[in-house]
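Observations on chain architecture
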Amino acid sequence: MAASGYIGRFAPSPTGPLHAGSLVAALASWLDAKAHNGQWLVRIEDVDTPRCVPGADQTILNQLAACGLYPDAPPVYQSQRGHLYQDALDQLIAQSQAYPCGCSRLDIEQAIAASGPSGHKRERHGELIYPGTCRNGLNGKKARSWRFLSTFHLSNRPSDQQIRAQAAPDLIASDIFRWTDRKLGEQQQNVAEQVGDFVLKRADGLWAYQLAVVVDDAAQGITHIVRGQDLADNTARQILLQRALGLPQPKYLHTPLVLGVNGEKLSKQNGAEALNLQDPLTALTQAGLHLGIACQADRPTHWLQQAVDQWAARFKITA
Ligand SMILES: [Zn+2]
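The rules behind these values
- Residues numbered from 1 in each chain as written.
- Predicted model: local features only at pLDDT ≥ 70, side-chain atom pairs only at ≥ 80, totals over all residues.
- Pairing = 2+ DSSP bridges.
- Helix = DSSP H or I, 4+ residues; strand = E, 2+ residues; numbered from the N terminus.
- Axes fitted to C-alpha atoms, helices over the stretch in contact; angles between N-to-C directions.
- Parallel < 35°, antiparallel > 145°, perpendicular 65-115°, else oblique.
- Left-handed = near helix turned anticlockwise from the far one by under 90°.
- Contact = placed C-beta atoms within 7 Å.
- Nonpolar A, V, L, I, M, F, W, Y, C, P; charged D, E, K, R; others polar.
- Buried ≥ 20, exposed ≤ 12 C-beta atoms within 10 Å, placed from the backbone.
- pLDDT = per-residue confidence, 0-100.
- Expected span 1.5 Å × (residues − 1).
- Arc of directions from axis to C-beta.
- Core = buried A, V, L, I, M, F, W, Y, C linked by C-beta atoms within 7 Å.
- Right-handed = clockwise from strand over helix to strand, strands pointing away.

**Examining the sheet that holds strand β1 (residues 7-10)**
Here we have three strands laid out as an open sheet, ordered β1-β2-β3, and parallel in their pairing. Pairing within the sheet leaves two strands with one partner each, and these edge strands are β1 and β3 (76-77). Bridge count between strand β2 (residues 39-44) and β3: two bridges; the pairing is parallel. When the bridges of β3 are listed, Arg43 appears paired with Val76.

**With respect to unusual backbone geometry**
Phi is positive for Asn37, which is not a glycine, with a value near 55°. Locating Asn37 in the fold gives a position in the loop between α1 (20-35) and β2. Positive phi, close to 60°, is recorded for Ser96, a residue that is not glycine. Within the secondary structure, Ser96 sits in the loop between α3 (82-94) and β4 (98-101).

**Section: the packing of helix α10 (residues 280-290) against helix α11 (residues 300-315)**
Relative to each other, α10 and α11 sit at 20°, their axes nearing to 9 Å. When the axis of α10 is compared with that of α11, the two are roughly parallel. For the pair α10 and α11, the crossing hand works out as left-handed. Contact with α10, carried on its side by Pro280, Leu281, Leu284 and Gly288, involves Pro300, Trp303 and Ala307 of α11 and no other residues of that element. In terms of residue class, the contact of α10 with α11 is made up of six nonpolar, one polar and no charged.

**Re the environment of Trp303**
On the secondary structure map, Trp303 appears in helix α11. Judged by the 21 C-beta atoms lying within 10 Å of it, Trp303 is buried. In sequence terms Trp303 and Leu281 are 22 residues apart; their C-alpha atoms lie 7.7 Å from each other. Residues in contact with Trp303, not counting those within four places in the same chain, are Leu281, Leu284, Cys295 and Ala297.

**Comments concerning the environment of His290**
Among the structural elements, His290 can be located in helix α10. Since 18 C-beta atoms lie within 10 Å of it, His290 is described here as partly exposed. In sequence terms His290 and Thr255 are 35 residues apart; their C-alpha atoms lie 9.4 Å from each other. If we ignore the near neighbours within four places in the chain, the residues touching His290 are Val24, Pro256 and Val258.

**Things to note about the pairing of strand β9 (residues 185-190)**
By the bridge criterion, six bridges tie strand β8 (residues 176-181) to β9 in an arrangement that is antiparallel. Residue pairing in the sheet places Ile176 in a bridge with Asn190 of β9. Hairpin connection, β8 to β9: the antiparallel pair is bridged by three residues.

**Section: the sheet that holds strand β10 (residues 199-201)**
Reading across from one edge, β4-β7-β10 is the order of the three strands in this open sheet, with antiparallel pairing throughout. Whereas interior strands pair on both sides, the edge strands pair on one side only; in this sheet they are β4 and β10. When strand polarity is set aside, the average angle formed by the axes of neighbouring strands in this sheet is 40°. Sheet topology note: the strand β7 (residues 145-148)/β10 ladder contains two bridges and is antiparallel.

**Side note on the confidence of the model for the protein**
Of the residues in the protein, 84% have a pLDDT of 70 or more, and the chain-wide mean is 87. A low-confidence stretch, residues 154-160 (pLDDT under 50), is modelled with eleven contacts involving residues beyond four sequence positions or located in other chains. Scored below 50 in pLDDT, residues 169-174 makes eight contacts in the model with residues more than four places away or belonging to other chains.

**Observations concerning α11**
With 16 residues, α11 ought to run about 22 Å at 1.5 Å a step, and its terminal C-alpha atoms sit 21 Å apart, in line with that. Three or more residues of α11 are buried, namely Trp303, Leu304, Ala307, Val308 and Trp311. Along the long axis of α11, the arc covered by the buried residues comes to 140°, so they all point the same way.

**Thoughts on the nonpolar core**
A general trend in soluble globular proteins is that nonpolar side chains are found buried together. Grouped together as the largest cluster of nonpolar side chains are 39 residues, with contacts concentrated most on Leu23, Val24, Ala26, Leu27, Trp30, Leu31 and Ala307. When contributions to this core are tallied by element, the ones reaching two or more residues are β1, α1, β2, α2 (56-66), β11 (224-228), β12 (251-255), α10 and α11. Those residues in contact with Ala307, other than ones at most four positions away along the chain, are Leu31, Gly288, Ile293 and Cys295. If you look at the next biggest cluster of nonpolar residues, it comprises 34 residues, including Cys101, Val199, Leu200 and Val214.

**Some words on the pairing of β2**
Among the six residues that make up β2, six are buried, leaving the element largely enclosed by the rest of the structure. The alternating pattern of β2 places Gln39, Leu41 and Arg43 on one face and Trp40, Val42 and Ile44 on the opposite face, and all of these are buried. In terms of strand pairing, β1 meets β2 through four bridges, oriented parallel. Bridged to Gly8 within β2 is Trp40. Following the backbone out of β1, through α1 and into the adjacent parallel β2, one traces a crossover that is right-handed. The parallel pair β2 and β3 is bridged by α2, and the resulting crossover is right-handed.

Printed below as a string of structure tokens:
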């Protein structure tokens, strides 16, 4: 079978074993890769080291293997890739698209309060929208974190990027950023307004998720990202970072989430049970139903073969 240029990935955080929700994400990304005759990679997202559980990476890889989901290359670990993230941050600093921030949470709360009633809530997913206090300098404060300059206008760019910017009118014409999701369709977000200047390197010295993901996706040659819908909201920030770093933009597909009985996203944090490794066929069957896939099979390999065909019929990009 001719190799396609497709490279996809599953990128779990090793904070515990896979549960029903994370298997859906793993399966969707695997099916999409195989439906396109592509490669499927696994990346262990262990940048947030305090949250990681020793041994969880191996448990996850064992669970994937039990379900017949084998990566096409050895997994990479974000904890070993800090030099790549530093290179990217250095590039953004050199381009004046990243700046040091000396604000504590209290500083940010006070700056928001001092700006008066702004008419809209300055908070999003429990995180304060940074008001840009340190954009023009630290004013004697000590640098704590590094932030991305989300107002992405021509005046902020060095001249060699102005040429590239002309090919990206969706970014320049207004502050509203648009992209297309293969399942959700047209999406848009005003990153500067709705998210603000987001953190690239945290005050505790750890790399922020957004930067690590963008750097790794490019370094691994990822062409297609298939992941849970809870992560769709990160897409605009990640595409902005890709553009700023001159990296290619993958195609995106966000799959529905598995909800727990309380109606919230099933997650390790709200006590989702680990998958039962003794019965991978049942685990695959349940994950498949969630993705609209139903197969009659007596073992995981047969189930997966049928599922790839069903997935290809629905999601294969033919253009
Ligand atoms: Zn600041």
